Amino acid sequence: MKLIFPKAGEPSAQPDPYILKANGRYYIYATGSKGVELYCADTLFGDWAYCGHALEEEGMQEFWAPCVIERGGTYYMYYSSFPAGETDVHLQAVKVAVCDRPDGRFEYKKTILPAFSIDPHVVESGGEYYIFYSANDYEAERAGTFIAVDKLTDMFTVEGRPVRVVEPSIEEEIFMKDRFRKGQDWHTIEGAFYFREGNRHFLLYSGNCYQHENYFVGYAFAESEETDLRKVPFRKYPSADVYAPILRKNDTEEGTGHNSVLEEDGKYYIVYHARDVGKESEPCDTRTARICPMYIDGAQLTVVRL
């Protein structure tokens, strides 16, 4: 079901929605061309209000895929952007901004990964912090975008020992055929979101492109007591050669992907973007934030569309 219904004068879309619960309220941060868009609500299924830009950065554009975490009373936003006036999105680089409240104006502090890097998800594990993100490999057998994980030595510094955790492996992950050179199909794996239940590790991701038929949410899984997330033996579920999305186009919505997850009162919810079927030809982006319950049965995740 839709969470946000844009009003006149507000952004038409909430791509890459990241949900956070803090101080008894709910917040969704979303991709925006001029800044990170912010939405707030008192209840999860209540009325969501548009709260303007949570972040703007002078001289920059296309603020993609924010995630926000709290540590010691400070809120850290990880996102990517690239210089205004440029047209090459491969100049996107992951950055960090800070604020003393979840609904305040975040201030840019540091660029922490080189271009091309996008879609960060920062999590705590075993008292340390780790960052999942997407980068490119032009020379792989299945060239394209993959997900890596690295350790943060502090909230502003990446250690620089990344490990690849999810890579392209099937035809349904092809973003574009012959994208950069003839005979080389370009694959996309992006939008990482990690969570753990006991010794079960789940890493959700999006594959393909939101404009395409096969765009989907899948996940990698591992069962391990390991807390160093670079050592967790993730594998695609059910296997690397099977297209088995937990979310993809159905009769009512399409462009379903790039999710975050909220756990509340022992229940899990997946928040993702999608557009109503038939809206793809509209001149503006119509991907809106949606929510569905998600159930865990051992290694299996199941999403029930509402």
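Quantities reported herein were computed from a predicted structural model and do not represent experimental measurements.

Student: I'm lost on the pairing of strand E6 (residues 74-83) in this one. Help?
Tutor: One face of the sheet, then the other: side chains in a regular strand alternate in exactly this way. Most of E6 is tucked away: 8 of the 10 residues are buried. Where strand E5 (residues 60-71) and E6 come together, 8 bridges link them in antiparallel fashion. Looking across to E6, one finds that Met60 is bridged to Pro83.

Student: Looking at this model, I keep getting lost on unusual backbone geometry. Mind explaining?
Tutor: In most cases, non-glycine residues show a negative phi, while peptide bonds are predominantly trans. In this structure, the amide linkage connecting Ala115 to the following residue, Phe116, adopts the cis form with an omega of -5 degrees. On the secondary structure map, Phe116 appears in the loop between strand E8 (107-111) and strand E9 (118-125). Positive phi, normally seen in glycine, also occurs at Glu62, with a value near 55 degrees. Mapping Glu62 onto the fold places it in strand E5. Given a relative accessible area of 26%, Glu62 falls into the partly exposed group. A positive phi is found at His258, a non-glycine position, where the angle reads about 40 degrees. Position of His258 relative to the elements: it lies in strand E20 (residues 253-264). The class for His258 is buried, based on a relative accessible area of 9%.

Student: Teacher, can you tell me more about the side chain of Ser206 here?
Tutor: Mapped onto the elements of the fold, Ser206 is located in strand E16 (residues 200-207). Among the residues examined, Ser206 registers a relative accessible area of 0% and is labelled buried. When sequence neighbours within four positions are dropped, the list of residues in contact with Ser206 reads Thr188, Ile189, Glu190, Gly191, Tyr215, Phe216, Val217, Gly257 and His258.

Student: Help me understand empty space enclosed by the protein, please; the structure alone is not making it clear to me.
Tutor: Here the idea is plain: a probe the size of a water molecule rolls over the atoms and shows the empty space left. Going through the model one piece at a time under the given rule, you end up with 2 cavities of 30 Å³ or more. In this structure, the largest cavity spans a volume of roughly 90 Å³. Together, 15 residues line the largest cavity, and Tyr18, Pro66, Pro120, Ala192 and His258 are the ones closest to its centre. Among the elements of the structure, E5, E9, strand E15 (186-197) and E20 are those that each provide at least two residues to the lining of the largest cavity. Residue classes in the lining of the largest cavity are distributed as 8 nonpolar, 5 polar and 2 charged. Lining of the second largest cavity is provided by 13 residues; of these, Tyr205, Phe216, Tyr237, Val242 and Ala244 occupy positions nearest its centre. With 3 residues, the single largest contributor to the lining of the second largest cavity is strand E17 (residues 216-223). Residues that form the lining of the second largest cavity fall into these classes: 9 nonpolar, 2 polar and 2 charged.

Student: How should the pairing of E16 be read in this particular structure?
Tutor: Of all 8 residues that make up E16, 7 are buried, and the element is covered over most of its length. Here E15 pairs with E16 via 7 bridges, running antiparallel. Residue pairing across strands places Ile189 opposite Gly207, the latter belonging to E16. What sits between E15 and E16 in their antiparallel hairpin is a turn of 2 residues, with Gly198 showing a positive phi close to 65 degrees. Where E16 meets E17, 8 bridges bridge the pair, whose relative direction is antiparallel. Residue Ser206 lies in a different strand from E17, and its bridge partner there is Val217.

Student: Before we go on, may I ask you to explain the layout of surface pockets in this structure?
Tutor: In this structure, the largest pocket occupies an estimated 770 Å³ of space. The wall of the largest pocket is formed by 35 residues, among which Asp16, Trp64, Glu190, Tyr210 and Arg287 lie closest to the centre. Sorting the residues of the lining of the largest pocket by element identifies E5, E9 and E15 as the ones contributing at least two each. Looking at the lining of the largest pocket residue by residue, the class counts come to 14 nonpolar, 12 polar and 9 charged.

Student: Can you help me understand the sheet that holds strand E4 (residues 49-55) in this one?
Tutor: Adjacent strands of a sheet form backbone hydrogen bonds with each other and so pair up, either parallel or antiparallel. Overall, antiparallel pairing links the 4 strands, which are arranged E1-E2-E3-E4 in an open sheet. Where the open sheet ends on each side, the last strands, each with one partner, are strand E1 (18-22) and E4. On average, adjacent strands in this sheet sit at an angle of 30 degrees to one another, irrespective of strand direction. Here strand E3 (residues 36-41) pairs with E4 via 4 bridges, running antiparallel. Paired with Tyr39 across the strands is Tyr50, a residue of E4.

Student: Got a minute to help me understand the environment of Gly198 in this structure?
Tutor: Secondary-structure assignment places Gly198 in the loop between E15 and E16. For the pair Gly198 and Gln92, spaced 106 residues apart in sequence, the C-alpha to C-alpha distance is 35 Å.

Parameters at a glance
Residues numbered from 1 in each chain as written. Predicted model: local features only at pLDDT ≥ 70, side-chain atom pairs only at ≥ 80, totals over all residues. Heavy atoms only, no water. Buried < 20%, exposed > 50% of the residue type's maximum accessible area, 1.4 Å probe, protein only. Helix = DSSP H or I, 4+ residues; strand = E, 2+ residues; numbered from the N terminus. Pairing = 2+ DSSP bridges. Contact = heavy atoms within 4.5 Å. 1 Å grid on protein atoms, 1.4 Å probe; cavity = no way out; pocket = protein on both sides within 12 Å on 5 of 7 lines; lining within 4 Å. Points joined across faces, edges and corners; volume = space filled by probe spheres on them. Nonpolar A, V, L, I, M, F, W, Y, C, P; charged D, E, K, R; others polar. Axes fitted to C-alpha atoms, helices over the stretch in contact; angles between N-to-C directions.

Any functional reading would require information that these geometric values do not contain.
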